[in-house]
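Results of the structural survey
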Amino acid sequence: MPEIATTPFPDQKPGTSGLRKKVTVFQQPHYAENFIQSVFDAIDAPAGATLVVGGDGRFHNGVMIQTAIRMAAANSFARVVVGQGGILSTPAASNLIRKREAFGGLILSASHNPGGPDGDFGIKYNVGNGGPAPEKITDAIFARTTVIDRYRIVEAADVDLTALGEQRVGELVVEVVDPVADYAALMEQLFDFAAIRAMIAGGFRLSFDAMHAVTGPYAHEILENRLGASAGTVVNGTPQEDFGGHHPDPNLVHARDLYERMMAADAPDFGAASDGDGDRNLIIGRGIFVTPSDSLAALAADAHLAPGYAGGLKGIARSMPTSQAADRVAAKLGIPLHETPTGWKFFGNLLDAGMATICGEESAGTGSDHVREKDGLWAVLLWLNILAVRKMPVAQLMAEHWQTYGRTYYARHDYEGIATEGADALMAGLRGRLATLPGETVDDLTVEAADDFAYTDPTDGSTSNRQGVRIRFAGGSRIVVRLSGTGTEGATLRVYLERYEPTGGRLDLVTGDALAPLVAAAEAILSIQAHIGRTAPDVIT
Ligand code: VG1
Ligand code: CO
């Protein structure tokens, strides 16, 4: 096989599930090839294996797809299954890996990070269960990047990614598939499309913002073609290489237009948005933003109303910074609640082991055991299925939820692009004071416990330490502090604020007011301004 000599690029952050860098970094000679070859060397796929390849359509996607195909051909894969146009949303890729019993897949995306020539790009490897590679594989990939001295690639013309069907690159069969078809079929199995269609035919209006990213074609097909939503339901529905210059992160800052549409007098009944690669969701009812943590809780409480979950849930899993709203649902249902580190890979083992059915993160990722990634449109469809059965507005559904479980006010404050030294000093200082924090009182909030979250995976006993600091106050309120692992410029500090009001308590506060004492406590405990020189977060969501 043709081999090209190379030198190591050992810069995949250990512990992260892929490579996420500026496009200009990926454009360096041999850079992406080194990473892909390190993946192939580390996973050591048997001859005859199938590889799924697709991406979110951002700038550089097409070039990288062709490179991945040429390298798969030179590394003895028998078949590459690739989405038409090089497009696959992350959950659709996860589904294809499972459905086609592929050895694994390469997903080309930097998710919610901006795209374009000056934006970000990413490659991540998913294993045969359809989920992100576990740490022992990502560590092996990283180790390989530190010593790699050659990669294998065939010389061949570009594959025509517009034509459905099979083509050949040397011995390799490249199968170009409709990126939407299998995914839409899976959604039809899980949800009562007839009930949702009837609700929409009865005048229920929705608005879906695809943020110029990968979910456009999926949402057009499922919401408009199959469920009968009117043309124009899907906005920003054509994927663009630079996401129209926007930041495809479905939160209240970057999906501001949707928010304003949903707060207007003539707002539709239901609004949603998804991110760059289609694995996240933002849910806004008419006049009410549903925090992702509350969305997870509400979906878990009513999932049994959808055909795919009629048998009930085996358990609920949430990432540590996600609010404890889902815990109260799990307690009421009498099922286990698993608290995991941030990132979807930790859920995969629980799903494989049948220990959880629904999982979610505060960053608007929700999903279930139908695939091994979070899934934006899945969450939208489960919401629609629940609303079609319960026949009430989102605001009423949430009000009833809070009356049953109490209300968890929640916000995440992000300080982006800050100096790494200041961020590290803040975290180190905080970690140094964990033992002395309990008993401290800030205004009328008393610290009950403080720790640095460590997780032991119940399925394989592997441990992950230093996953973020939890500060718990009397009454169930929390402040959680961690540094982002997905940014590409400087550091990003995330401060998560959570206040619990039990049933019969103050359930109708404005979130900002409800959380003001915790914001003040966070500054008092963390000295954010002194460490990073910022008086306010860049993004509150
Ligand atoms: C962020 C989110 C986290 C999510 C991760 C990947 O990580 O907070 O919940 O799993 O992005 O999401 P961090 O380390 O920056 O906080 V994505 O949109 O890449 O699928
Ligand atoms: Co994403």
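Here the structure is shown first, and the text comes after it.
Here's what I pulled together on the structure shown here. (Residues numbered from 1 in each chain as written. Chains lettered and ligands numbered in written order. Predicted model: local features only at pLDDT ≥ 70, side-chain atom pairs only at ≥ 80, totals over all residues. Heavy atoms only, no water.)

**Here's the deal with the site of ligand 1**
In the neighbourhood of ligand 1, 18 residues make up the surrounding shell, with Arg-20, Ser-111, Arg-280, Thr-486 and Arg-494 lying closest. Within the side chain of Ser-484, one N or O atom sits 2.6 Å away from an oxygen atom of ligand 1. Taken together, the residues of the shell around ligand 1 break down into no nonpolar, eight polar and 10 charged. (Near = heavy atom within 4 Å. Polar contact = N/O pair within 3.5 Å; in protein donor to acceptor, adjacent residues only side chain to side chain. Nonpolar A, V, L, I, M, F, W, Y, C, P; charged D, E, K, R; others polar.)

**Remarks on the sheet that holds strand β16 (residues 337–340)**
With mixed pairing, four strands are arranged side by side in an open sheet as β16-β15-β17-β18. Among the strands making up the open sheet, the edge pair consists of β16 and β18 (365–368). Neighbour-to-neighbour, the strand axes of this sheet turn through a mean angle of 15°, independent of strand direction. Summarising the sheet, strand β15 (residues 316–319) and strand β17 (residues 358–361) pair through three bridges and their orientation is parallel. The partner of Arg-318 across the bridge, within β17, is Gly-360. The strands that helix α10 (residues 292–302) touches are β15, β17 and β18; relative to β17, the one it contacts most, it runs at about 170°. (Pairing = 2+ DSSP bridges. Helix = DSSP H or I, 4+ residues; strand = E, 2+ residues; numbered from the N terminus. Axes fitted to C-alpha atoms, helices over the stretch in contact; angles between N-to-C directions. Contact = heavy atoms within 4.5 Å.)

**Observations regarding the coordination of the cobalt ion (ligand 2)**
Taken together, the protein ligands of the cobalt ion (ligand 2) are Ser-111 (OG), Asp-275 (OD), Asp-277 (OD) and Asp-279 (OD), with distances of 2.0 to 2.1 Å. What the six donor atoms of the cobalt ion (ligand 2) show is an angle range of 58 to 175° at the metal, which sorts the shape as irregular. The sequence pattern formed by the donor residues of the cobalt ion (ligand 2) is S-x163-D-x1-D-x1-D. Here the residue Ser-111 occupies a position in the loop between β5 (104–108) and β6 (120–127), and Asp-277 occupies one in the loop between β12 (270–274) and β13 (281–285), the gap between them amounting to 166 residues. Grouping residues by exposure puts Ser-111 and Asp-277 together as buried. (Donors = N, O, S within 2.8 Å, 3.2 Å for Na, K, Ca; no water. Tetrahedral: all angles 85-135°; square planar, octahedral: opposite > 155°, others 65-115°. Buried < 20%, exposed > 50% of the residue type's maximum accessible area, 1.4 Å probe, protein only.)

**Remarks on the side chain of His-401**
Along the chain, His-401 falls in helix α14 (residues 394–405). On the accessibility criterion, His-401 (7% relative accessible area) is buried. Setting aside residues no more than four positions away along its own chain, His-401 makes contact with Ala-297, Ala-298, Ala-301, Val-329 and Gly-406.

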